[in-house]
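Each chain, written out:
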Amino acid sequence: MLKITRLNKAYSNHRALTDVDLVVPQGMIFGLLGPNGAGKTTLIRIINQIIEQDSGTVEIDGKSLSPDDIRKIGYLPEERGLYKKMTVWDQLIYFSRLKGLDQSEAKGKVKIWLEKLEIGGWKEKKIEDLSKGMAQKVQFISTVIHEPKLLILDEPFSGFDPVNAEIIKNEILELKAKGTTVILSTHRMESVELLCDHVAMIHKSRKILDGTIREVKNSFRPQEFSISLINLLQDLPQDWKVRHDEDRAFNFSLPLNGRSPNQLLKELMEYGEVMEFKEKVPSMEEIFIHQVKATQYE
Amino acid sequence: MNKIFLVIQREYLARVKKKSFLIATLLTPLIFPAIMGIFVWIAVSERENQSLRIIEVIDETGLFFMESSEQYAFTSSINDPEEAKKMVQEGERYGFLYIPKMEISNPKGIQFFGIENPSMSLMSYLESALKRKIEDQRLYDKGIDPTVLKEIRTQVSIQSVTLGESGEEKINDATVNYAIGFLAGILIYIFIFVYGNQIMQGVIEEKSSRIVEILVSSLKPFQLMLGKIVGIGAVGLTQFLIWVVLIGTLTTLVTGVLGMQMPQQQAMELANPEMAQATPDSSELADILMVIQGIDFVAIVVNFIIYFLGGYLLYGALFAAVGSAVDAPSDAQQFMFPITIPLIVAYMGLFVFVLQEPNSTTSFWLSMVPLTSPIAMMGRISYGVPFWELALSIGLLVLGFLFTTWLAGKIYRIGILMHGTKPTYKILWKWIRSSQ
């Protein structure tokens, strides 16, 4: 769907992107991660043709990005706003027409979406009279109204209460089911794990991580097992850092250190009854923090 | 192109639909005459209420007799200047005019004493009265009889007539031309400021509410800027045209009413200008009405629209650039300076040079340089401007706004996406030079 090759962008005082390659597969939710100032917004702005890259290419459906592709993309920026004095209806018609819909097309679509998100009764209200959550819904509609093939969402859940966040999450999943490709840029790792199929991480202008959630997690496996034993047969070695809980279970974790999991399990059986033997899988949050710290001191 | 039109449409409708627009548009043509009416009323009632001012005159030559007017009375009750000064100090007299012994061929040493500074009109009244007396006296000394002098003295007022290319004659009046130039110039000045500010506010609104990020993902920043400038300009034009219609209707009504009240003869003169020319002693009102009828309002309105649009586009782009560079209206002040200065220069130039001497070199250049021409040319237009000068000035103005629009576009496209940094002129210069 989207292919980015050796993308570079520098501002007068710093580099925003350095040789970034990315492939966003069709119909997936692609998590774009990275701390503040990493270059995500620059990348998103280049895809949206708001700014131009210094070098490198962006291809959409195998063709170089052109002004006509604006219609294919829906963009919800992190910092967003609406005209306060305009009515919900006028506003949505305006934004959909700017995306290239004609008048009657726009009217029909706006009507459908207002009903869908249950704000049809508010269409003649000005944005300044709406609650924040309501305005966010209008904003979301304005992003998807022209049925983009590629949806770029920058922190889509900020400002939503849990109920509305759930509604938006379901809308995103529905759009994905219809074949829309979604780029999701967020700091909320729990929504990344929940929604994303594929992630890439940018830090200090470079891509430092790329792959499906499973691949990424696999590559960050610390080769450690968390273990729980009861009914000890002999004393555990001092250096195992054992925690003792109320159920009189002994909890600790051990690295494989070249052993296979089965070998380790066999060893453990000599110490007591194995109640739990589970490989440690890092959360996306842990990977995120680990990666940012690891590149901090380069 | 289609997208620019959408932006124009939004900017236009968002403003024209506002109640404040309707009120301002309908009330302004009424407010201006109302304010002028109030001034006239105050001036008239002040004159009526003014007590007669008594001025003591000591004339050691014995030649001058000062005629009293409605405002000033002249007396000669004493002969001692010191005593006269005392009377002024004690408030018995408004002033004291002292004419010492002097050669009539070399009048020197005339003094006026007063507690406050005498008004300009009093001084010129005294000066012209004395001047006439001295001249009369000198003529008398050369042997001309005062009764002959009286017979000779005539009131002359020149009727200025310009000849058109095809020989048609047009009656002019410097005062009316002045008034038209004055009004048109000031109107353009106000329009540029009011609507330029609206552009700036609009840009800042879109920037600070972050709508702009969504907008520029749908269209180019330059399209957005141009659409906004043109849309708001259309609002200004709408307002102006409504005013023209309103004022035109009002004027027709007022002259209609006046025409009915005028004596039959004058009304006929109005209807038939040739007859009026034949009888030069027709009343002043009829003269002014005739002059107004002689003015080519269509040409003035058309030129006004051209220069309004040109000046508005030129400055509008700059206002947009300033709006894009700052985060809040309060930060805009530092960049307003280079916009305000040429406008004020044009405004001052209008009064100091253009309206005084419409065809002087300074007036010419003020009406050629695009930054000042929209205001300066308005001061000249009613006096008549050669076609080539108009064409050159308009051509330069077009080049001027193309340049400022290009310049503003460079600042705008970067400025609208910048938050939190307070730009300086150095940074703006960097934006202009950067290719991206």
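Values in this document were obtained by computation on a predicted structure and should not be read as measured data. (Residues numbered from 1 in each chain as written. Chains lettered and ligands numbered in written order. Predicted model: local features only at pLDDT ≥ 70, side-chain atom pairs only at ≥ 80, totals over all residues. Heavy atoms only, no water.)

**Q** Describe in detail the packing of aromatic side chains, supporting the description with residues and values.
**A** Residues and elements named next belong to chain B. For the structure shown, the criterion picks out 26 aromatic pairs over all chains. Consider the rings of Phe-96 and Phe-113, whose centres lie 5.2 Å apart with planes at 15°: the pair is stacked. Of this pair, Phe-96 sits in strand β3 (residues 95-99) while Phe-113 sits in strand β4 (residues 111-114); the two residues are 17 residues apart in sequence, bridging distant segments of the chain. Classification of Phe-96 by relative accessible area gives buried; the value is 0%. When its relative accessible area of 22% is taken as the criterion, Phe-113 is described as partly exposed. Members of the aromatic cluster, each reached through a chain of ring pairs, are Phe-191, Tyr-195, Phe-240, Trp-243, Phe-304, Phe-308 and Tyr-312. (Phe/Tyr/Trp six-rings, centres within 6.5 Å; stacked < 30°, edge-to-face > 60°. Helix = DSSP H or I, 4+ residues; strand = E, 2+ residues; numbered from the N terminus. Buried < 20%, exposed > 50% of the residue type's maximum accessible area, 1.4 Å probe, protein only.)

**Q** Kindly report on empty space enclosed by the protein, identifying the contributing residues and their values.
**A** One way to see where empty space is left: roll a probe the size of a water molecule over the atoms. Summed over the entire model, instances satisfying the criterion amount to 1 cavity of 30 Å³ or more. Gly-74, Tyr-75, Phe-95, Lys-99, Ser-142 and Thr-143 of chain A together with Ile-214 and Ser-218 of chain B together form the lining of the largest cavity. Looking at the lining of the largest cavity, the elements that each hand over two or more residues are β6 (73-76) and α4 (132-144) of chain A. Split by residue class, the lining of the largest cavity holds 3 nonpolar, 4 polar and 1 charged. (1 Å grid on protein atoms, 1.4 Å probe; cavity = no way out; pocket = protein on both sides within 12 Å on 5 of 7 lines; lining within 4 Å. Points joined across faces, edges and corners; volume = space filled by probe spheres on them. Nonpolar A, V, L, I, M, F, W, Y, C, P; charged D, E, K, R; others polar.)

**Q** Run through the sheet that holds β4 of chain B, naming residues and quoting values.
**A** Residue and element names in this part refer to chain B. As summarised here, the arrangement of the 4 strands in space is β2-β1-β3-β4, forming an open sheet in which the pairing is mixed. Of all strands in the sheet, those with a lone pairing partner are β2 (72-75) and β4, marking the two edges. For this sheet the average axis-to-axis angle between neighbouring strands, irrespective of direction, equals 25°. As paired elements, strand β1 (residues 53-59) and β2 share 4 bridges and run parallel to each other. Counterpart to Glu-56 in the pairing with β2 is Thr-75. Sitting on the sheet, helix α3 (residues 81-90) is in contact with β1, β3 and β4, with an inclination near 160° to β3. Sitting on the sheet, helix α4 (residues 120-141) is in contact with β1, β2, β3 and β4, with an inclination near 50° to β2. (Pairing = 2+ DSSP bridges. Axes fitted to C-alpha atoms, helices over the stretch in contact; angles between N-to-C directions. Contact = heavy atoms within 4.5 Å.)

**Q** With reference to specific residues and values, describe the pattern of salt bridges.
**A** Under the definition given, this model contains 26 salt bridges over all chains. With a shortest N-O distance of 3.6 Å, Lys-169 of chain A and Glu-166 of chain A are connected by a salt bridge. Here the residue Lys-169 of chain A and the residue Glu-166 of chain A both occupy positions in helix α5 (residues 162-177), the gap between them amounting to 3 residues, near one helical turn. Judged by relative accessible area, Lys-169 of chain A falls into the buried class, the value being 17%. Judged by relative accessible area, which is 38%, Glu-166 of chain A ranks as partly exposed. Of the charged contacts, one joins Glu-135 of chain B and Lys-131 of chain B as a salt bridge, the two residues approaching to 3.7 Å between their closest N and O atoms. With Glu-135 of chain B and Lys-131 of chain B both in helix α4 and 4 residues apart, this pair spans about one turn of that helix. (Salt bridge = Lys/Arg side-chain N within 4 Å of Asp/Glu carboxyl O.)

**Q** I'd like a description of unusual backbone geometry, backed by residues and values.
**A** Residues and elements named next belong to chain A. Unusually for a residue other than glycine, Gln-49 sits at a positive phi of about 60°. Looking at the element boundaries, Gln-49 is found in the loop between α1 (40-47) and β4 (55-60). Classification of Gln-49 as partly exposed rests on a relative accessible area of 27%. Positive phi, normally seen in glycine, also occurs at Asn-257, with a value near 50°.

**Q** For the interface of chain B and chain A, give the residues involved together with the corresponding values.
**A** Facing the 20 residues of chain B at the interface are 24 residues of chain A. Taken together, the connections running from chain B to chain A amount to 2 salt bridges. One salt bridge connects Arg-210 of chain B with Glu-79 of chain A, and the closest N-O pair in it is separated by 3.8 Å. Our count for the contact surface shared by chain B and chain A stands at 6 residue pairs in polar contact (both at pLDDT 80 or more). Of all elements in the fold, only α1 (2-16), α6 (174-208) and α7 (211-215) of chain B reach the threshold of two or more residues within the side of chain B that touches chain A. Tallied by class, the residues present in the side of chain B that touches chain A amount to 8 nonpolar, 4 polar and 8 charged. (Polar contact = N/O pair within 3.5 Å; in protein donor to acceptor, adjacent residues only side chain to side chain.)

**Q** I'd like a rundown of the side chain of Ser-363 of chain B, residues and numbers included.
**A** You can see Ser-363 of chain B is positioned in helix α14 (residues 361-366). Within the local environment of Ser-363 of chain B, its side chain forms a polar contact with the side chain of Ser-360 of chain B, the two groups lying 2.9 Å apart.

**Q** Explain the sheet that holds strand β12 (residues 243-244) of chain A to me, and be specific about the residues and the numbers.
**A** Residue and element names in this part refer to chain A. Judged by pairing direction, the sheet is antiparallel, and its 4 strands sit side by side in the order β12-β13-β11-β14 without closing on themselves. Each of the sheet's edge strands pairs with one partner strand only, and the pair in question is β12 and β14 (273-279). Bridge count for strand β11 (residues 224-230) against β14 is 6 bridges, and the pairing is antiparallel. Across the sheet, the residue bridging to Ser-226 is Lys-278, located in β14. Contacts between helix α8 (residues 261-269) and the sheet are confined to β11, β13 (250-255) and β14, with β14 contributing the most and set at about 155° to the helix.

**Q** Run through the environment of Glu-60 of chain B, naming residues and quoting values.
**A** All names here are of chain B. Tracing the chain through its elements places Glu-60 in the loop between β1 and β2. Residues Glu-60 and Ile-305, 245 residues apart in the sequence, show an inter-C-alpha distance of 63 Å. In contact with Glu-60, not counting residues within four places along its chain, are Pro-81, Tyr-98, Ile-99, Pro-100 and Lys-101. Of the polar contacts made by the side chain of Glu-60, one reaches the side chain of Tyr-98; its length is 3.0 Å.

**Q** Tell me about the pairing of strand β9 (residues 198-203) of chain A, residues and numbers included.
**A** Residues and elements named next belong to chain A. Most of β9 is tucked away, with 6 of its 6 residues classed as buried. Summarising the sheet, β9 and strand β10 (residues 206-212) pair through 6 bridges and their orientation is antiparallel. Counted as the bridge partner of Val-199 is Gly-211 from β10. If you look at the hairpin formed by β9 and β10, you'll find 2 residues sitting between the two strands, and Lys-204 has a positive phi there, around 50°.

**Q** Pulling in residues and values, what's your account of the packing of helix α13 (residues 333-354) of chain B against helix α15 (residues 373-381) of chain B?
**A** Residue and element names in this part refer to chain B. Closest axis-to-axis distance for the α13/α15 pair is 8 Å, and the angle between their directions is 20°. Our classification of the angle between α13 and α15 gives roughly parallel. Where α13 crosses over α15, the two elements pack in a sense that is right-handed. Each of Leu-343, Ala-346, Tyr-347, Leu-350 and Val-354 in α13 lies in contact with α15, whose residues at this interface are Ile-375, Ala-376, Gly-379 and Arg-380. Each residue belonging to the contact of α13 with α15 can be placed in one class, and the counts come to 7 nonpolar, 1 polar and 1 charged. (Parallel < 35°, antiparallel > 145°, perpendicular 65-115°, else oblique. Left-handed = near helix turned anticlockwise from the far one by under 90°.)

Taken by themselves, the reported measurements are silent on function.
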